[in-house]
Amino acid sequence: MTGDGQRGREGTKVSTGAADRAWCVVVPHHAVGARLARRRLAEELTGVVPPPLLADLVAVLAELVGNAVRHADPLPGGVVRVAWRLRDSARGQQVQLRVTDGGAAAGPTMRVADLDAVDGRGLHIISGLADRWGVERDGLGQSVWAEFDPAEVTRSDLAVAG
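Residues numbered from 1 in each chain as written. Predicted model: local features only at pLDDT ≥ 70, side-chain atom pairs only at ≥ 80, totals over all residues. Heavy atoms only, no water.

Engineer: In this structure, what is going on with the overall build of the protein chain? I would like to understand it.
Structural biologist: Helix and strand counts for the protein chain come out as four helices and seven strands. Here the protein chain holds 162 residues, and the buried ones make up 42% of them. For the protein chain, the proportion of contacts with a sequence separation of at least 24, taken over those separated by at least 6, is 64%. A total of about 8,500 Å² of accessible surface is found on the protein chain, and carbon and sulfur atoms cover 53% of it. (Helix = DSSP H or I, 4+ residues; strand = E, 2+ residues; numbered from the N terminus. Buried < 20%, exposed > 50% of the residue type's maximum accessible area, 1.4 Å probe, protein only. Contact = heavy atoms within 4.5 Å. Areas by Shrake-Rupley, 256 points an atom, 1.4 Å probe, with all protein chains shown as cover.)

Engineer: Looking at this structure, I do not really get helix H1 (residues 31-45). What am I missing?
Structural biologist: For H1, spanning 15 residues, the distance from its first C-alpha to its last is 22 Å, which sits close to the expected 21 Å at 1.5 Å a residue. Of the positions making up H1, those classed as buried are Gly33, Ala34, Ala37, Leu41 and Leu45. When H1 is viewed along its axis, its buried side chains cluster within an angular range of 100° and face the same direction. In this structure, H1 carries Ala31 and Glu43 as exposed residues pointing more than 90 degrees from its buried face. Buried positions along H1 lie against strand S3 (20-28), helix H2 (51-71), strand S4 (79-89) and strand S5 (92-101). Looking at the residues trailing H1, positive phi occurs at Gly47, about 85°. (Expected span 1.5 Å × (residues − 1). Arc of directions from axis to C-beta.)

Engineer: Which parts of the structure should I look at to understand the packing of H2 against helix H3 (residues 122-129)?
Structural biologist: A pair of packed helices is characterised by two quantities: the angle between their axes and the separation of those axes. One way to put it is that H2 packs onto H3 with a least axis distance of 9 Å and a crossing angle of 150°. In terms of orientation, H2 lies roughly antiparallel with respect to H3. The way H2 lies across H3 gives a crossing that is left-handed. Of H3, the residues touching H2 (which contributes Asp56, Ala59, Val60, Glu63, Leu64 and Asn67) are Gly122, Leu123, Ile125, Ile126 and Leu129. Of the residues belonging to the contact of H2 with H3, the class tally is seven nonpolar, two polar and two charged. (Axes fitted to C-alpha atoms, helices over the stretch in contact; angles between N-to-C directions. Parallel < 35°, antiparallel > 145°, perpendicular 65-115°, else oblique. Left-handed = near helix turned anticlockwise from the far one by under 90°. Nonpolar A, V, L, I, M, F, W, Y, C, P; charged D, E, K, R; others polar.)

Engineer: Sorry if this is basic, but what is going on with the pairing of S5 here?
Structural biologist: Consecutive residues of a regular strand have side chains that alternate between opposite faces of the sheet. Extensive coverage of S5 is indicated by the burial of 10 of its 10 residues. Across nine bridges, S4 lies against S5 in antiparallel orientation. Bridging across to S5, Ser89 finds its partner in Gly92. (Pairing = 2+ DSSP bridges.)

Engineer: Explanation requested: the pattern of salt bridges in the structure shown.
Structural biologist: Think of it this way: side chains of opposite charge can pair up when their charged atoms draw near. The tally for this structure, following the rule as stated, stands at six salt bridges. The salt bridge partner of Glu136 is Arg98, with a shortest N-O separation of 2.9 Å. Of this pair, Glu136 sits in strand S6 (residues 132-138) while Arg98 sits in strand S5; the two residues are 38 residues apart in sequence, bridging distant segments of the chain. Residue classification places Glu136 among the partly exposed positions, given a relative accessible area of 39%. If you follow the salt bridges from partner to partner, you end up with Arg87, Arg132, Glu147 and Asp149 in one network. (Salt bridge = Lys/Arg side-chain N within 4 Å of Asp/Glu carboxyl O.)

Engineer: Where do I start with the side chain of Gln94 in this structure?
Structural biologist: Relative to the helices and strands, Gln94 resides in strand S5. At a separation of 2.6 Å, a polar atom in the side chain of Gln94 contacts the side chain of Arg87. Within the local environment of Gln94, its side chain forms a polar contact with the side chain of Asp149, the two groups lying 2.9 Å apart. Residue contacts for Gln94: discarding those within four places in its chain leaves Arg85, Leu86, Arg87, Arg132, Glu147, Phe148, Asp149 and Pro150. (Polar contact = N/O pair within 3.5 Å; in protein donor to acceptor, adjacent residues only side chain to side chain.)

As structure tokens, then:
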């Protein structure tokens, strides 16, 4: 490895021009907000992270925003705040996604979905693709976050390798 980059999940060199990169945007507390967030994340991180990681990030962000729209109140102004942070480490790039909404009476919990159920799998998808996830609450609402470590292998990587 040279000093100008780190190896990604597939051995692809990724740009590390800045030690940390961060981005934040508000989207409508509506299904269209999830689409806007996915598109913006893909635009911002294409060519920055390996394609299998980007696919996982987009899938998890879709679930996070979708859950905020379906299960939580909006922030003032009828919006949800979406953010990502890319941090360089000795092992490569770590990515954190964070979605902040106005909160709900009950916090996010994993549940068992029947085979015929049309929902109830979102947190299982997040848990399966991200290395860690959690919930933080403050006076403004709640944030659900998911982190991806560079050294971990995701299901997408296994599908590409298999």
